[in-house]
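Inside the fold
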Protein chains: 2
Amino acid sequence: MDALISRIKQDGTVLGEDILKVDSFLTHQVDPVLMRQIGRAFAQRFEASGITKVVTIEASGNVPAAYVAEELGVPMIFAKKAKNVTMNDELLTAEVYSFTKKITSVVQISRKFLSAQDKVLIIDDFLANGQAALGLIDILKAAGAEIAGVGIVIEKSFQSGRSLVEDTGIPVISLARIAGFEQGQVIFREADL
Amino acid sequence: MDALISRIKQDGTVLGEDILKVDSFLTHQVDPVLMRQIGRAFAQRFEASGITKVVTIEASGNVPAAYVAEELGVPMIFAKKAKNVTMNDELLTAEVYSFTKKITSVVQISRKFLSAQDKVLIIDDFLANGQAALGLIDILKAAGAEIAGVGIVIEKSFQSGRSLVEDTGIPVISLARIAGFEQGQVIFREADL
């Protein structure tokens, strides 16, 4: 997706060996105009797929996922990282290991929002080691839902996430694919959209 | 805001003495159509205020805040509850006490996204004891930004948040105001919009 790749080139910052910082438009400050374009791109790709729900994990995925859901005319669900006092329904849970934070956390979705009749599009802001996406896939499979695909805003193609997800038979559609970093510059691969 | 109040009546659940559960359209599953209406309502109220940024706290505030920002044509910033590896800039922080979780957490915004030239609209999903809003106000004041108002989706008017915010001189604009709960039903006060 050209608008996204231009924006990464313009405003992204490479930190160290393998970290891309995009806090000025995606992970801390959010550009709603770009989010709208992202929503349209995924919706166009999946408009004939009969999607009934868009699912993400809080928090950076929430806005792109909501725009995709709005464009597809379906609800968005964000998996929660912490249980709160209102979560008194049956929960579907998965353990997600974070390589950057080096901790395992439990993510959860109320079972009542998912059923075997659902066809789900997973959306997330980043795909690196794939642990978050695999956790969501576990939860959705436990609900018996069909998973149409995993839509990613920025994929770090030099890490194992994409192949781990594809090994489950679920297609990955990434708007920007990063082959690596060279001297502080981002090297892109051809994106899926 | 009539569409929101109807939705709370239809899909909200009262838990115990003072908890309203709206996980089917706001805090876990999200209805983008309602979020768009919420965005329009706040944008209409603040369109002549010269807002330059919309600010919220992750995660349930992110989607309504993004829609307000899109309608106003400005960026949205979500304060982060946990520091991550990419947050290597100077941070503005505030301690926020949660009465429901009984813990104090630190919320943070990178200073580079805020300046004394900014006029900010704070958006959040709930206003109860006001600690989250007061934390954001502290951060924005530390940046020298002007605060045009605090826009709230659902205000629990029987708790102290609204008066604590108004005591700082900043107006509170709530789309739904809850006077209390009686026999599992929500009793509304007149809303601000």
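We now turn to the structure provided with this report.

What counts and how
Residues numbered from 1 in each chain as written. Chains lettered and ligands numbered in written order. Predicted model: local features only at pLDDT ≥ 70, side-chain atom pairs only at ≥ 80, totals over all residues. Contact = placed C-beta atoms within 7 Å. Helix = DSSP H or I, 4+ residues; strand = E, 2+ residues; numbered from the N terminus. Pairing = 2+ DSSP bridges. Axes fitted to C-alpha atoms, helices over the stretch in contact; angles between N-to-C directions. Buried ≥ 20, exposed ≤ 12 C-beta atoms within 10 Å, placed from the backbone. Right-handed = clockwise from strand over helix to strand, strands pointing away.

**Some remarks on the interface of chain A and chain B**
Across the contact, 30 residues belong to chain A and 30 residues belong to chain B. Broken down by element, the residue count for the side of chain A that touches chain B peaks at 5 residues, all from helix α3 (residues 62-72) of chain A. Pairing of strand β3 (residues 29-30) of chain A with strand β5 (residues 76-79) of chain B involves 2 bridges; the strand directions are antiparallel. If you follow A:V30 over to β5(B), its bridge partner there is B:M76.

**Thoughts on the sheet that holds strand β9 (residues 146-156) of chain A**
Pairing between sheet strands relies on hydrogen bonds along the backbone, with the strands arranged either parallel or antiparallel. Reading across the sheet, the 7 strands line up as β11(A)-β10(A)-β9(A)-β8(A)-β4(A)-β5(A)-β3(B) and stay open at both edges, with mixed pairing between neighbours. Of all strands in the sheet, those bounded by a partner on one side alone are β11 (185-189) of chain A together with β3 (29-30) of chain B. Those strands touched by α3(A) are β4 (53-57), β5 (76-79), β8 (119-127) and β9 of chain A together with β3 of chain B, and its axis lies near 180 degrees from that of β4(A).

**What to know about the sheet that holds strand β4 (residues 53-57) of chain B**
A sheet is described by the order of its strands in space; here 7 strands give the open sequence β3(A)-β5(B)-β4(B)-β8(B)-β9(B)-β10(B)-β11(B), paired in mixed fashion. Of all strands in the sheet, those bounded by a partner on one side alone are β3 of chain A together with β11 (185-189) of chain B. Across 6 bridges, the pairing between strand β9 (residues 146-156) of chain B and strand β10 (residues 172-182) of chain B is parallel. Residue pairing across strands places B:I152 opposite B:S174, the latter belonging to β10(B). Strands in contact with helix α1 (residues 2-11) of chain B are β9, β10 and β11 of chain B; relative to β10(B), the strand with the most contacts, it is inclined by about 30 degrees.

**Side note on the pairing of β4(A)**
Regular strands have side chains that alternate between both faces of the sheet. Residue and element names in this part refer to chain A. The buried fraction of β4 is high, at 5 of 5 residues. Burial along β4 is two-sided: K53, V55 and I57 facing one way and V54 and T56 facing the other are all buried. Sheet topology places β4 next to β8; 3 bridges connect them, and they run parallel. Residue pairing across strands places V54 opposite L121, the latter belonging to β8. When β4 meets β5, the two strands line up parallel, connected through 4 bridges. If you follow V55 over to β5, its bridge partner there is I77. You can see the chain leave β4, run along α3 and come back into β5, and the turn it takes is right-handed.

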